[in-house]
Amino acid sequence: MFVYADNAATTSVSKTALNAMMPYLTEQYGNPSSLYAFGQKAKEGLEAARKTVAECINAEPREIYFTSGGSEADNQAIVSAAKAGARKGKRHLISTAFEHHAVLHTLKKLEKEGFEVTLLDVHEDGVVRLEDLEAAIREDTALVTIMFANNEIGTIQPVKEIGALCREKGIPFHTDAVQAAGHLPIDVKDMNIDMLSMSGHKFHAPKGVGVLYAKRNMPLFNIIEGGAQERGKRAGTENMAGIVALAAALKESCDNMEANNARIIPMRDKLFAELGKIPHSKINGSLEHHVPGTVNMCFEGIEGESLLLMLDMKGICASSGSACTSGSLDPSHVLLSIGLPHEVAHGSLRLSIGEYNTMEEIDHIIATVPQVVEYLRNMSPVWDELEKGLRPHLI
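What counts and how
- Residues numbered from 1 in each chain as written.
- Predicted model: local features only at pLDDT ≥ 70, side-chain atom pairs only at ≥ 80, totals over all residues.
- Heavy atoms only, no water.
- Helix = DSSP H or I, 4+ residues; strand = E, 2+ residues; numbered from the N terminus.
- Rg over C-alpha atoms; globule rule 2.2 N^0.38 Å.
- Buried < 20%, exposed > 50% of the residue type's maximum accessible area, 1.4 Å probe, protein only.
- Contact = heavy atoms within 4.5 Å.
- Areas by Shrake-Rupley, 256 points an atom, 1.4 Å probe, with all protein chains shown as cover.
- Lys, Arg positive; Asp, Glu negative; His and termini not counted.
- Charge placed at Lys NZ, Arg CZ, Asp CG, Glu CD.
- Pairing = 2+ DSSP bridges.
- Axes fitted to C-alpha atoms, helices over the stretch in contact; angles between N-to-C directions.
- Salt bridge = Lys/Arg side-chain N within 4 Å of Asp/Glu carboxyl O.
- Expected span 1.5 Å × (residues − 1).

## Re the overall build of the chain
Reasoning step 1: For the chain, the count of helices and strands is 13 helices and 14 strands.
Reasoning step 2: Over its C-alpha atoms the chain spans a radius of gyration of 22 Å, differing by no more than 12% from the 21 Å that the globule rule assigns to 395 residues.
Reasoning step 3: Counting every position in the chain, which comprises 395 residues, the buried fraction comes to 56%.
Reasoning step 4: Taking contacts inside the chain between residues at least 6 apart in sequence as the whole, the part at least 24 apart equals 72%.
Reasoning step 5: Split by element, the accessible area of the chain, about 16,900 Å² in all, is 53% carbon and sulfur.
Reasoning step 6: Distance from the positive charge centre (38 side chains) to the negative charge centre (51 side chains) of the chain: 7 Å.

## What to know about the pairing of strand β8 (residues 210-214)
Reasoning step 1: With five of five residues buried, β8 is to be regarded as a mostly interior element.
Reasoning step 2: Of the two faces of β8, both are covered, the one formed by Gly-210, Leu-212 and Ala-214 as well as the one formed by Val-211 and Tyr-213.
Reasoning step 3: Note: strand β2 (residues 64-67) against β8, four bridges, orientation antiparallel. Bridge assignment links Tyr-65 to a residue of β8, and that residue is Leu-212.

## Considerations on the sheet that holds strand β9 (residues 281-283)
Reasoning step 1: The strand order across the open sheet formed by three strands is β9-β10-β14, and the pairing between neighbours is antiparallel. Sheet topology places β9 and β14 (348-352) at the edges, where each strand pairs with a single neighbour. This sheet shows a mean twist of 25° between the axes of neighbouring strands, independent of strand direction.
Reasoning step 2: Here five bridges tie strand β10 (residues 294-299) to β14, and the two strands are oriented antiparallel to one another. Counterpart to Met-297 in the pairing with β14 is Leu-349.

## Describing the pattern of salt bridges
Reasoning step 1: Enumeration over the complete set of coordinates arrives at 22 salt bridges.
Reasoning step 2: Between Arg-216 and Glu-60 there is a salt bridge, with its nearest N and O atoms 3.6 Å apart. In this pair, Arg-216 is assigned in the loop between β8 and α7 (240-255) and Glu-60 in the loop between α2 (37-56) and β2, connecting sequence segments 156 residues apart.
Reasoning step 3: The salt bridge involving Arg-391 is made with Glu-385; its shortest N-O contact spans 2.9 Å.
Reasoning step 4: Classification of Arg-391 as partly exposed rests on a relative accessible area of 32%.
Reasoning step 5: In the salt-bridge network here, residues are joined through shared partners; they are Lys-43, Glu-47, Arg-50 and Glu-230.

## Some words on helix α12 (residues 359-379)
Reasoning step 1: Taking 1.5 Å per residue as the helical rise, α12 with its 21 residues ought to reach 30 Å, and the 31 Å between its terminal C-alpha atoms agrees with that figure.
Reasoning step 2: Buried within α12 we find Glu-361, Ile-362, Ile-365, Ile-366, Thr-368, Val-369, Val-372, Val-373, Leu-376 and Arg-377.

## So, the side chain of His-201
Reasoning step 1: Along the polypeptide, His-201 turns up in the loop between β7 (195-199) and β8.
Reasoning step 2: Given a relative accessible area of 15%, His-201 falls into the buried group.
Reasoning step 3: The contacts of His-201, once residues within four sequence positions are left out, are Ala-9, Thr-10, Thr-11, Pro-206 and Lys-207.

## Considerations on the pairing of β7
Reasoning step 1: For β7, a buried count of five out of five residues is recorded, marking the element as mostly surrounded by other parts of the structure.
Reasoning step 2: Taking every second residue as pointing to the same face, both faces of β7 are buried, with Met-195, Ser-197 and Ser-199 on one and Leu-196 and Met-198 on the other.
Reasoning step 3: Note that strand β6 (residues 173-176) and β7 share three bridges and pair parallel. Bridge pairing links Thr-175 to Leu-196 in β7.
Reasoning step 4: In the sheet, β7 pairs with β8 via five bridges, with the strands oriented antiparallel. Following the sheet pairing, Met-195 is matched in β8 by Ala-214.

Structure, rendered in structure tokens:
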């Protein structure tokens, strides 16, 4: 049996999205910046897509900017707020220790340019505390950027409360909503969000297209120079096929969110319940504040990469928080940020399921993972030392 359980990494393109984009690849291929009728027909499709996306998050169409994906949107939002703040003498930025690298690397770059960055603790449950944020805010704080939902452990942050605090303090608030868009309700007005990033391929649109929402009057600085597309804020001929597919996929996901989550959550909970029975295993992140489809666990005494490779041999696509880089195994910064020791973080597994998965597939995962974990532990000298009491169990 083949099981795709890595939907947090990317999703298949839905039939709805594919049908929406095909005319813009074959028949309606005009450039929306052209003045002739054929180009203006494409522009109508562009603005219709902008309106659809805006309606899905309760924004205004002119507040929607199409990008190449979530990473570009994160970069533009953070750099824009930093530059706007610097003009007022504000050079302090606040984020969290477990953001996506699109955020963390942008902040690191800004640090080299003289900005000061505070990364908030996310605690063992993977949730930011409002009191920690309030204590970190200073007179010269130019931006708070905190993700909506974590991409590895699936914890949801108190976005509305964070936004309200930022609004009270007069500080722009940006949220990376790549893992939330299409899966959780988003209302940028009710949630006091000034800027928001999303990426189409996380909700069944193609790769290479995303959205930056920027509240009206939020200053945006270009990170791509060229033409005057996207009201002069994002140069480059619009990816029309991707944009209309994103709008169609987002609307479909939002319209069916309640029904989809009613299917996904029981599958997720069954994974937590059954895989949690494996000895010396740990569920990562709060289960109370959690996205519908993400399961993140650690199994002591094994390496995540070996687990992934063996699951792949058995037809299961999953991911690990660890990354093999330059011959050294580095544990996930997310898992370290919630206090897991390196030895435990190395043995991580992320399963992320969607509405196309079935309970039969979940049962296959539940039958397979314990077998693979046991096999790897039997081969592991570390596990042998743990079982013999030569070193203490950490889980």
